[in-house]
Amino acid sequence: EVWLGAEEGWAFMEGAPAGGGSLGDPCSKWFCSAANMEGTEVFAAQFDRWSNDTVYPMSWDLDNRQVPGVNRTRYYRRACGGCGVR
């Protein structure tokens, strides 16, 4: 994710070789569709461990509760909800 400033807010990008696409078009990302977001949760790691109690779930170490995180699922479901299957 990338912060584009107060007027544009957050956007997400995807690096090559998987895609790239446009910052303004979430549907240009291979994973962004309503079907792909169903049952999926999205988290981002966070530097500040004192502002919330959310933990970043690392698939390689699910017992590790030391990395703070932010649950971004609602944002991704909203952004990807209007995208078709890619």
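Residues numbered from 1 in each chain as written. Predicted model: local features only at pLDDT ≥ 70, side-chain atom pairs only at ≥ 80, totals over all residues. Heavy atoms only, no water.

**Q** Just to check I follow, could you spell out the nonpolar core for this structure?
**A** For soluble globular proteins, nonpolar side chains are generally found buried alongside one another. Formed by Phe12, Cys27, Phe31, Cys32, Met37, Val42, Tyr75, Tyr76, Cys80 and Cys83, the largest nonpolar core amounts to 10 residues. Broken down by element, this core gets its largest block of residues, 3 residues, from helix 2 (residues 73-80). With near-sequence residues (within four places) excluded, phenylalanine 12 lies in contact with Glu1, Leu23, Pro26, Lys29, Phe31, Cys32, Tyr75, Tyr76, Ala79 and Cys80. (Core = buried A, V, L, I, M, F, W, Y, C linked by side-chain atoms within 4.5 Å. Buried < 20%, exposed > 50% of the residue type's maximum accessible area, 1.4 Å probe, protein only. Helix = DSSP H or I, 4+ residues; strand = E, 2+ residues; numbered from the N terminus. Contact = heavy atoms within 4.5 Å.)

**Q** Looking at this model, I keep getting lost on the confidence of the model for the protein. Mind explaining?
**A** Detailed reading of predicted coordinates is not advised where the pLDDT is low. The predicted model of the protein averages 84 in pLDDT, with 91% of residues at 70 or higher. Of all the helices and strands in the protein, strand 1 (residues 2-3) carries the lowest mean pLDDT, 78, while helix 2 carries the highest, 92. (pLDDT = per-residue confidence, 0-100.)

**Q** What is the right way to look at the environment of arginine 49 in this model?
**A** Mapped onto the elements of the fold, arginine 49 is located in the loop between strand 3 (43-45) and strand 4 (69-71). Residue arginine 49 is classed as partly exposed on the basis of its relative accessible area, which comes to 39%. Distance in space between the C-alpha atoms of arginine 49 and glycine 69 is 7.9 Å, their sequence separation being 20 residues. Setting aside chain neighbours within four positions, we find arginine 49 in contact with Gln66 and Pro68.

**Q** Whenever I open this one, a nonpolar patch on the surface confuses me. Can you help?
**A** A cluster of nonpolar side chains, namely Leu4, Met13 and Leu23, defines an oily patch on the protein surface of about 260 Å² accessible area. Position of methionine 13 relative to the elements: it lies in the loop between strand 2 (10-11) and helix 1 (34-37). You can call methionine 13 exposed: its relative accessible area is 55%. (Patch = residues over 30% accessible without salt bridge, like charges linked within 9 Å, V, L, I, M, F, W, Y side chains within 5 Å. Areas by Shrake-Rupley, 256 points an atom, 1.4 Å probe, with all protein chains shown as cover. Salt bridge = Lys/Arg side-chain N within 4 Å of Asp/Glu carboxyl O.)

**Q** Would you mind going over the state of the cysteines with me for this structure?
**A** Should the sulfur atoms of two cysteines be covalently bonded, the bond is a disulfide. Taken as a whole and judged by the stated rule, the model has 2 disulfides. Through a disulfide, cysteine 27 is tied to cysteine 83; the S-S separation comes to 2.0 Å. The S-S bond linking cysteine 27 to cysteine 83 shows a torsion near -80°; that makes this disulfide left-handed. With cysteine 27 in the loop between strand 2 and helix 1 and cysteine 83 in the segment after helix 2, this residue pair connects regions lying 56 residues apart in the sequence. For the pair shown, cysteine 27 and cysteine 83 are each scored as buried. Here cysteine 32 connects covalently by a disulfide to cysteine 80, the sulfurs 1.9 Å from one another. Since a negative S-S torsion denotes a left-handed disulfide, the cysteine 32-cysteine 80 link at about -105° is left-handed. Note that cysteine 32 is positioned in the loop between strand 2 and helix 1 and cysteine 80 in helix 2, a separation of 48 residues in sequence. When sorted by exposure, cysteine 32 lands in the same class as cysteine 80, which is buried. When the bonded cysteines of the protein are numbered from the N-terminus onward, they pair as 1-4, 2-3. (Disulfide = S-S within 2.5 Å.)

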